[in-house]
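# Tertiary structure, described
The lines below spell out each chain.
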Amino acid sequence: MTIDLSSKVVAVTGASSGIGEATALACAQAGAAVALAARRADRIEALAKRIADAGGRAIAIPTDVGDESQARVFVERTHAELGRLDVLVNNAGVMLLGPIENAPTEEWRRMIEANVFGVLYCTHAALGLMREQGSGHIVNVSSVAGRVARAGSGVYNLTKFGVGAFSESLRQEGVPIGVRVTTIEPGAVATELPGHNRPEVLEQMAKRFAGVTPLSSEDIAGAILYAIGQPPNVSVNEVLVRPSGQGA
Ligand SMILES: NC(=O)c1ccc[n+]([C@@H]2O[C@H](COP(=O)([O-])OP(=O)(O)OC[C@H]3O[C@@H](n4cnc5c(N)ncnc54)[C@H](OP(=O)(O)O)[C@@H]3O)[C@@H](O)[C@H]2O)c1
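Residues numbered from 1 in each chain as written. Predicted model: local features only at pLDDT ≥ 70, side-chain atom pairs only at ≥ 80, totals over all residues.

### Quick look at the overall build of the protein chain
Per the secondary structure count, the protein chain includes 7 helices and 7 strands. Counting from the amino terminus, the protein chain carries its helices and strands in the arrangement β-α-β-α-β-α-β-α-β-α-β-α-α-β. Relative to the globule expectation of 18 Å for 248 residues, the C-alpha radius of gyration of the protein chain, 17 Å, shows essentially globular dimensions. The principal-axis extents of the C-alpha atoms in the protein chain amount to approximately 50 × 40 × 35 Å. The 248 residues of the protein chain split such that 43% are buried. In the protein chain, 72% of the contacts between residues at least 6 apart in sequence involve partners at least 24 apart. (Helix = DSSP H or I, 4+ residues; strand = E, 2+ residues; numbered from the N terminus. Rg over C-alpha atoms; globule rule 2.2 N^0.38 Å. Buried ≥ 20, exposed ≤ 12 C-beta atoms within 10 Å, placed from the backbone. Contact = placed C-beta atoms within 7 Å.)

### A look at the site of the ligand
In the vicinity of the ligand, 33 residues are found, and the nearest of them are Gly14, Gly18, Arg39, Arg40 and Gly93. Where the shell around the ligand is concerned, the elements lending two or more residues are α1 (18-29) and α4 (105-133). Considered class by class, the residues forming the shell around the ligand number 13 nonpolar, 14 polar and 6 charged. (Near = placed C-beta within 6 Å. Nonpolar A, V, L, I, M, F, W, Y, C, P; charged D, E, K, R; others polar.)

### Re the nonpolar core
Val10, Val34, Leu36, Ala37, Cys122 and Ile224 are the most contacted members of the largest nonpolar core, which totals 69 residues. At 8 residues, the largest contribution of residues to this core is made by α4. Among residues more than four places away in sequence, those in contact with Ile224 are Thr23, Val89, Val139 and Ile184. (Core = buried A, V, L, I, M, F, W, Y, C linked by C-beta atoms within 7 Å.)

### Description of unusual backbone geometry
Even without being a glycine, Ser7 presents a positive backbone phi close to 80°. When you line up the elements, Ser7 lands in the segment before β1 (9-13). Despite not being glycine, Asn102 shows a phi value in the positive range, around 65°. Counting through the fold element by element, Asn102 comes out in the loop between β4 (87-90) and α4. Residue Asn102 is classed as exposed on the basis of its 7 C-beta neighbours within 10 Å.

### Side note on the sheet that holds strand β5 (residues 136-141)
With respect to topology, 7 strands assemble into an open sheet ordered β3-β2-β1-β4-β5-β6-β7, the strand pairing being parallel. Both edges of this open sheet fall to β3 (57-62) and β7 (238-241), since each of them pairs with a single strand only. Between one strand axis and the next, the sheet turns by 15° as a mean value, whatever way the strands run. Running at roughly 170° to β1, α1 makes contact with β1, β2 (33-38), β3, β4, β5 and β6 (179-186) of the sheet. Together, β2 and β3 form the strand contacts of helix α2 (residues 41-53), whose direction differs from that of β3 by roughly 175°. (Pairing = 2+ DSSP bridges. Axes fitted to C-alpha atoms, helices over the stretch in contact; angles between N-to-C directions.)

### Some details on α2
Across its 13 residues, α2 extends 18 Å between first and last C-alpha, which sits within 8% of the 18 Å expected from 1.5 Å per residue. Buried within α2 are the following residues: Ile44, Leu47, Ala48 and Ile51. An end-on view of α2 places all buried positions within 100° of arc, on one side of the element. In this structure, α2 carries Asp42, Lys49 and Asp53 as exposed residues pointing more than 90 degrees from its buried face. Residues of α2 that are buried make contact with α1, β2 and β3. Where α2 ends, the next residue or the one after it, Gly55, has phi of about 95°, a positive value. (Expected span 1.5 Å × (residues − 1). Arc of directions from axis to C-beta.)

### Some remarks on the packing of α4 against helix α5 (residues 154-174)
It is at 9 Å that the axes of α4 and α5 come closest, and there the two elements cross at 10°. Between α4 and α5, the angle falls in the class roughly parallel. Contacts between α4 and α5 involve Trp108, Met111, Ile112, Asn115, Val116, Val119 and Thr123 from the former and Val155, Tyr156, Thr159, Lys160, Gly162, Val163, Phe166 and Leu170 from the latter. Residues that form the contact of α4 with α5 fall into these classes: 10 nonpolar, 4 polar and 1 charged. (Parallel < 35°, antiparallel > 145°, perpendicular 65-115°, else oblique.)

Here's what the structure looks like:
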């Protein structure tokens, strides 16, 4: 299926690496104008230039999505500068694992700010604009960890289960105003995500995923493109994608 996103505007959070970067590139290649958010300004500015050099249209807006006013500026500038807001991909996130006992509680705050408040603030800013347009699509990147809880993943599970519940509630609110909602639930993907963990956590993760060939960011970008490339009468609610070798 060839997906044509020309005349569409797609805003992607967490576009400085991994799944967000691959999604922004895939959307731009499909013809969309894209707005890129992340805290690392140099990375999103370089990506915007790469897209522009290939003939596409992109703007980079340095943003901490856990900050309500920055999240709002991202969404409103996207709409003002690119003229519409067809799709918001709430992808920015952090995953800091380990048991609850003796956990550095600052890690919990970082996850809840990015994974939960980031999704809420960007969505809050986008909904009114989408209602005015009479259409819109919000894609929330959750995780297999939003479906299956595990020891040592409690707060990450909490944030991603929360994203799943919020998305279903939002989907129902979106129906009467023409806004579709999709939850994307990746299994293991080779990105920078685990790299922010403490060494003892990395050791545990290496054992858990020994022998599993992870997905690429492009595999998940493909799932997101599938969801947003459907005709208006089709609402893809949820896509769960694991690497073939990942059991749980
Ligand atoms: N990789 C996996 O195995 C996997 C599996 C399931 C779900 N996921 C989910 O996929 C999403 C993307 O992760 P990834 O795997 O692509 O990891 P990644 O390469 O580390 O990307 C995470 C992105 O989120 C951004 N980010 C983090 N905190 C932010 C904040 N407060 N404000 C703005 N941007 C922020 C980062 O940019 P800056 O640091 O520049 O701000 C980066 O662009 C996350 O929601 C993650 O939970 C990943």
